[in-house]
Amino acid sequence: MPDSTAALLPGRLTICGIAELDALRDAGVSHVLSLMDPAALDPPVLAEFPAHRREILRFHDVTQPAAGYSAPQIEHVEGVLAFGRVLASEGDRLKHLVVHCHMGISRSTAAMAILLAQSAAGREAEAFATVFDIRPRAWPNSRMVAIADRLLGRRGALEAALRQHQRHILQHHPDIADLVASVGRGNELPR
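Cut-offs used in this document
Residues numbered from 1 in each chain as written. Predicted model: local features only at pLDDT ≥ 70, side-chain atom pairs only at ≥ 80, totals over all residues. Heavy atoms only, no water. 1 Å grid on protein atoms, 1.4 Å probe; cavity = no way out; pocket = protein on both sides within 12 Å on 5 of 7 lines; lining within 4 Å. Points joined across faces, edges and corners; volume = space filled by probe spheres on them. Nonpolar A, V, L, I, M, F, W, Y, C, P; charged D, E, K, R; others polar. Helix = DSSP H or I, 4+ residues; strand = E, 2+ residues; numbered from the N terminus. Buried < 20%, exposed > 50% of the residue type's maximum accessible area, 1.4 Å probe, protein only. Polar contact = N/O pair within 3.5 Å; in protein donor to acceptor, adjacent residues only side chain to side chain. Contact = heavy atoms within 4.5 Å.

Colleague: I'd love a proper account of the layout of surface pockets, names of residues and values included.
Modeller: A water-sized probe rolled over the atoms picks out the places where empty space is left. Within this model, the largest pocket holds a volume of roughly 450 Å³. Lining the largest pocket we find 21 residues, and of these Asp-61, Met-103, Ser-106, Val-183 and Arg-185 sit closest to its centre. For the lining of the largest pocket, a count of residues per class yields nine nonpolar, eight polar and four charged. The space that makes up the second largest pocket amounts to roughly 180 Å³. Lining the second largest pocket, in full, are Ser-142, Arg-143, Ala-146, Glu-159, Leu-162, Arg-163, Gln-166, Asn-187, Glu-188, Leu-189, Pro-190 and Arg-191. Contributions of two or more residues to the lining of the second largest pocket are made by helix 5 (142-151) and helix 6 (157-172). Looking at the lining of the second largest pocket element by element, the count peaks at four residues for helix 6. Here the lining of the second largest pocket is composed, by residue class, of four nonpolar, three polar and five charged.

Have a look at this one:
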């Protein structure tokens, strides 16, 4: 992990999907941000983690309102930012932050970028570079990032950093474009 990571947010940072949580059982996890589908059951493995602080936000991984889906809303991103304020107040108690969603590709990577950007105004590109270092196939949820941009008063800087990140991902992992298009999010592909 690059040295700049510690400057943005202290402690070890992990982004993952539910299937990867089991491997973190003994990894000294101190904080968990769970981004779950509204009807999804909590991953049972989290009950086996040593004592940790956890926040759960429930919404679907969509970028536009659609019938039958709960798209990310302002209150969800406000929840991410509130958790970020908790992290900032924890000081050296923040040993290992895990941010997870179902697959560890979109909601969790958006949330980690938001947390990193929240802690370092003006370093939005560095926040996404850190996400790339942690999760090289990350495709952050653009709706979450757009809401965070407004809430943090970044005037488009966070969204611009996301677009730069998306171009970077597509250079390194061009197959991601097919995945993004296949889940109905082709509108997120850079033009």
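Colleague: An account of the side chain of Asn-141 is requested, with residue identities and associated values reported.
Modeller: Of note, Asn-141 is situated in the loop between helix 4 (124-134) and helix 5. A relative accessible area of 0% means that Asn-141 is categorised as buried. A polar contact of 3.0 Å, which involves the side chain of Asn-141, links it to the backbone nitrogen of Arg-143. Those residues within four positions of Asn-141 in sequence are excluded, and the remaining contacts are Asp-61, Val-62, Thr-63, Pro-72, Ser-106, Ala-110, Arg-185 and Glu-188.

Colleague: An account of unusual backbone geometry is requested, with residue identities and associated values reported.
Modeller: Residues other than glycine seldom take positive phi values, yet Arg-155 does so here, at roughly 50°. Of note, Arg-155 is situated in the loop between helix 5 and helix 6. For Arg-155, a relative accessible area of 83% corresponds to the exposed category.

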